[in-house]
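Letter by letter, the chains look like this.
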Amino acid sequence: MASSRVGFEEDGTADRETTAKPAGNITISKDEYRPHSARFKGKEYANGFVDGRLISYYFLGPEAPLSKLVHDGIVGFDTEFTVDIEHCCDCENHKMTMRHIADRYTSCASALQQAIAEGVGTLFPTNVVINSSKRRGPRLGSFEVLLSWTHSRVRHDVLLFSKLETRHFPNPPALAQYLYDTLNAVRQVEVFRIIVRGAQTGEPIARALVQLINEDSGNLHSEASTNMAGAVDIKKMPFGPYRVEASCKDSPTPLGIGQAMFHVDGSTPRNICVPLPPVVETGVMLIVLTWASEPLQMMLYIRTPSGLLSAENPVVGSATLKSQGPGFGPVTATLQNPEPGSYHVYVQPTGMWMCSNAQVAVINSQGTNLFSVPEPTESPENVWWDCCCFAIDEQFEMPEGARSRSRVTMEEPGFGEMQVAAIDLLGQRVVGADVSVKEPTGRNDSYGTTDEEGLYKARMPPQAYSVAAHMTGMTSAPTTATLRLDEACIQGYCPLVPETADGHMRVILSWTGDACTPTLCVEQPHAYTRHGPDTEASLNVANIVVSGPHVASILLTAPLANPAHVYVTGLEGKLDKLGLQLSLCPANEPIAIYVPPAGAVGTFWDAVEISSLTDVKEINQVQDTSPATCKSVTVCPLNMGESGARVPNATITMRRKNGVKEEIQLVPGASEEKHTTLPFGEYIASLVANGFLPDERHISVQPEVDTRIGFVVSPESSLAQKHARLALTWARKPDFLELQIVTPEGILNSENTNRGNTRLEMSASGNGYGPMVISFKQPLAGKFKIQVVNTGLKVNGSMLAAQPEVTLHTAKGAMEGFTWRFTEVAAKQDNQPKIVGAGGDIEVWHVATLDIEEHTKFDADSVVATPHDRYTVEATVPEKQGPGGE
């Protein structure tokens, strides 16, 4: 017998190489190691060990107990093992009679336990138990290793090692390696057959070269040529994953390379089929299903843009399907110049197929994609294998490749639930509405009525459907709802539209997704209408705005007289997932439907321009900049003489600064505010009201600026000739701005309200607009620096877009006005030499310096205004700067 390093000796001497030679009367033969049968004959210990048994670890020949049991098939590939280690313990209690060192036992047991876990434990479920409580003992001086398992309801025990018999400790790595090598012989197939067949003909391919590669190591396992039956047998093939490649140079027609991936274990059939395809040119695609000898038949299904390709329907458009059998396959679908669109591949097996090594190969000119069947999580009978999906473009290619779905389902794959909700214009569901769900071919159409939840449900294959609903007195525009392959359920919404009166048009926006809430906007001359959270924007009372979940509508009462620009804001991500649709419903005319471009991404959808009931220009552009060409304008008239009270019955006229003689009179609104909608541009607003001095104000109408503006005017006879007021007004936001004057006596602001003949007469309310008013009285002379301060830049926002205006009012009306232009501010921001302290929280607009002569009447001859037009961001208010200083 071979030498073995058996470890520590009982007397504590160092390890040494030794032949496993027992003491006493035990003899050693060439092929076995057996204890003295006469001394221990028939004696059975209570712990289950029986003397006289062969110690397998030292019986190294083919007739060793464990090797023989493996050879006889008493060990299966899925056997669960238990390794019992019994070793002496409590050595401190018998150290007077035995020279034991307890650590030697425990360390050896731990080392053996770890070596077994890292070895045979990776092949089989193996439980290592040390000094089991189910056995009596442990015995004095013992280190026994027993392997046990159950096969066909019969328990088997093999004594791997016995210190009581050998008087030595085991070598843990060597013992674990022996166990691994012996049991690993179970994990191989004696003969595995590979069959090569033509992918399109199903005929065996003789003299094909077969190369078998182990996927774990990447090494070539074997190489052989097929016989006349197209088969090659691989002997003693270990368990594991493999890839096989087959080729044939002797074929009369050129053939490509066939590939297959499969797994070999004790439960799989011991054969596999490899399809050998022809050389595939551009415009041709093969989808090939193969498997082992069992089950006898498997059914391939391919859902194409034109229909379902199957054995029952073997021709769909240019796609054909051909089946071979019984067993192995191949089942081959040939797609000649395949139709662009989405394809879905799935398989229905028959019988027990969970270990069939089935696979689908998707082959085109770009290469081969292989998909192997997963292990079923449900019952292996009457289930479906959802295999893969892919999309084909106009060039007959798969730009994104084939995507594995790799799942087993109890229902036919590729179907989802379509839920159609009939809703009114408030978004409320309607019960009892008739619903139709249609697709282009008409083969999968479905009809029904909404239930008590206002829903109609139908199980449909994935594709785009035209969904509509109707009931007495109302109908819906057909809505496109797309059921995608990865969606188990999708909900479509059909807004029911009542009849539209003559001369009117209803604009309806509907959507299915919940990622955002779109806002429908309609621009008309002098009227801006939209639905959404900003109710202040719904200003045109002639148009009726109605909205709810997944729907918004605006009734245009006179589209012929007022052309309209329609667009949508508030969008996010890919618009395809939102299911956006714009429906135009004119009186006595067909409903027109518009959807965003496919694959579009953006935050604005510029949809259409409506000139009349029948004249609609489609724009259909998705962009990240607003398509608005005008903006709502609100002007709030403020009474300088009554703490900023609203001015009643004021008439405000807007005219363009570019010389256009268009005049627009603002309509009155809530709280005497005036509203209109104006195209983008620069305007002069003129205000006339009984009892007030007429005045003008500059207003900029731009996308970036706030056009809700305060406009301050003076009552008649409220100012004497030697009395003047400086007033600050601005937009609705920010809530508060402060007007300050630096006088020779110091700064005048909300904390210092009097400086000589200059005093703060009125402070803004803190709700936007203003005004803030500072009063001047004679005698007064000198230079006075004017500045506007925003002390809450980071909290309240910037005043840059608030259109602040500072105006000097005298007994004759507004004498001088200073308005900060947003465009100039933006230019200065881009070129930053005059913006200092950018890390501060205080905005300062350095407005101008007033040079006032002594005893003046506050007229143009005695007051000189020098504008500064300078903007800074600072850490503190610049209180100490002198009048007129930069």
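These numbers were taken from a predicted model, which means no experiment stands behind them.

S.K.: Give a detailed account of the overall build of the protein chain, specifying residues and quantitative values.
M.R.: Per the secondary structure count, the protein chain includes seven helices and 60 strands. Counting over 886 residues, the protein chain shows a buried share of 50%. If you take every contact in the protein chain between residues at least 6 apart in sequence, the share linking residues at least 24 apart comes to 65%. Surface exposure of the protein chain reaches about 40,000 Å², of which carbon and sulfur atoms provide 49%.

S.K.: Give me the packing of aromatic side chains: which residues, what numbers.
M.R.: One pass over the full model with this rule turns up twelve aromatic pairs. Taking the centre distance of 6.1 Å and the plane angle of 25 degrees together, the rings of Tyr-242 and Phe-262 count as stacked. One end of the pair, Tyr-242, is in strand 9 (residues 240–247); the other, Phe-262, is in strand 10 (residues 258–264), and 20 residues separate them in sequence. For the residue pair Tyr-242 and Phe-262, the accessibility class agrees, reading buried in each case. Ring plane angle 55 degrees and centroid distance 5.5 Å describe the contact between Tyr-301 and Trp-384, whose orientation is recorded as tilted.

S.K.: Outline the state of the cysteines, supporting the account with residue identities and numerical values.
M.R.: Here the structure, examined in full by the defined rule, presents zero disulfides. No disulfide involves Cys-91; its sulfur sits 4.0 Å from the nearest other cysteine sulfur, which is in Cys-88.

S.K.: Kindly report on the pairing of strand 35 (residues 551–556), identifying the contributing residues and their values.
M.R.: Summarising burial for strand 35: six of the six residues are buried, a large majority. Burial of the side chains of strand 35 extends over both faces: Val-551, Ser-553 and Leu-555 are buried on one face and Ala-552, Ile-554 and Leu-556 on the other. Pairing analysis gives six bridges linking strand 31 (residues 505–510) to strand 35, with the strands arranged antiparallel. Bridging across to strand 35, Ser-510 finds its partner in Val-551.

S.K.: An account of the confidence of the model for the protein chain is needed here, citing residue identities and associated values.
M.R.: With 81% of its residues at a pLDDT of at least 70, the protein chain reaches an overall mean of 78. Confidence drops under pLDDT 50 across residues 1–53; counting only partners more than four residues distant or on other chains, this segment forms 93 contacts. A low-confidence stretch, residues 880–886 (pLDDT under 50), is modelled with 18 contacts involving residues beyond four sequence positions or located in other chains.

S.K.: Explain the sheet that holds strand 1 (residues 81–87) residue by residue, including any values.
M.R.: The four strands are arranged 2-1-3-4 in an open sheet whose pairing can be described as mixed. Strands at the two margins of the open sheet, each flanked by one partner only, are strand 2 (126–130) and strand 4 (154–162). For this sheet the average axis-to-axis angle between neighbouring strands, irrespective of direction, equals 20 degrees. Pairing of strand 1 with strand 2, which is carried by five bridges, proceeds in the parallel orientation. Residue pairing in the sheet places Thr-82 in a bridge with Asn-127 of strand 2. The sheet contacts of helix 3 (residues 102–118) involve strand 1, strand 2 and strand 3 (143–151), and relative to strand 1 the element is tilted by about 170 degrees. Together, strand 1, strand 3 and strand 4 form the strand contacts of helix 5 (residues 172–184), whose direction differs from that of strand 4 by roughly 145 degrees.

S.K.: Outline the environment of Ile-699, supporting the account with residue identities and numerical values.
M.R.: Here Ile-699 lies in strand 48 (residues 695–701). Non-local contacts of Ile-699, meaning those with residues more than four positions away in its chain, are made with Val-635, Met-654, Gly-681, Glu-682, Tyr-683, Ala-685, Ile-709 and Gln-803.

S.K.: Tell me about a nonpolar patch on the surface, and please be specific about residues and values.
M.R.: Residues Ile-591, Ile-593 and Val-595 make up a contiguous nonpolar surface patch of about 200 Å² in total accessible area. On the secondary structure map, Val-595 appears in the loop between strand 38 (592–594) and strand 39 (604–610).

S.K.: Give a description of the nonpolar core that names residues and reports values.
M.R.: Considering soluble globular proteins, one finds that nonpolar side chains tend to be buried as a cluster. Judged by nonpolar contacts, the single largest core of 49 residues is most densely connected at Leu-726, Leu-739, Phe-776, Val-788 and Val-806. In terms of residues, this core owes the most to one element, strand 59 (residues 842–852), which gives five residues. Not counting chain neighbours up to four residues away, the residues in contact with Leu-739 comprise Leu-726, Ala-727, Leu-728, Leu-748, Asn-749, Met-772, Ile-774, Ile-786, Gln-787, Val-788 and Val-806.

S.K.: I'd like a rundown of the pairing of strand 24 (residues 434–438), residues and numbers included.
M.R.: The sheet contact formed by strand 24 and strand 25 (residues 446–449) spans four bridges and is antiparallel. Bridge pairing in strand 25 places Asp-434 opposite Thr-449. For strand 24 and strand 27 (residues 463–471), the ladder comprises five bridges, and the chain directions are antiparallel. When the sheet's bridge partners are listed, Asp-434 is paired in strand 27 with His-470.

S.K.: I'd love a proper account of the pattern of salt bridges, names of residues and values included.
M.R.: According to the stated counting rule, one finds 15 salt bridges in the structure shown. With a shortest N-O distance of 2.7 Å, Asp-233 and Arg-193 are connected by a salt bridge. Residue Asp-233 is found in strand 8 (residues 231–238), and its partner Arg-193 is found in strand 5 (residues 188–198); the two are separated by 40 residues along the sequence. Look at Asp-233 and you get partly exposed, because its relative accessible area is 35%.

Cut-offs and rules
Residues numbered from 1 in each chain as written. Predicted model: local features only at pLDDT ≥ 70, side-chain atom pairs only at ≥ 80, totals over all residues. Heavy atoms only, no water. Helix = DSSP H or I, 4+ residues; strand = E, 2+ residues; numbered from the N terminus. Buried < 20%, exposed > 50% of the residue type's maximum accessible area, 1.4 Å probe, protein only. Contact = heavy atoms within 4.5 Å. Areas by Shrake-Rupley, 256 points an atom, 1.4 Å probe, with all protein chains shown as cover. Phe/Tyr/Trp six-rings, centres within 6.5 Å; stacked < 30°, edge-to-face > 60°. Disulfide = S-S within 2.5 Å. Pairing = 2+ DSSP bridges. pLDDT = per-residue confidence, 0-100. Axes fitted to C-alpha atoms, helices over the stretch in contact; angles between N-to-C directions. Patch = residues over 30% accessible without salt bridge, like charges linked within 9 Å, V, L, I, M, F, W, Y side chains within 5 Å. Salt bridge = Lys/Arg side-chain N within 4 Å of Asp/Glu carboxyl O. Core = buried A, V, L, I, M, F, W, Y, C linked by side-chain atoms within 4.5 Å.

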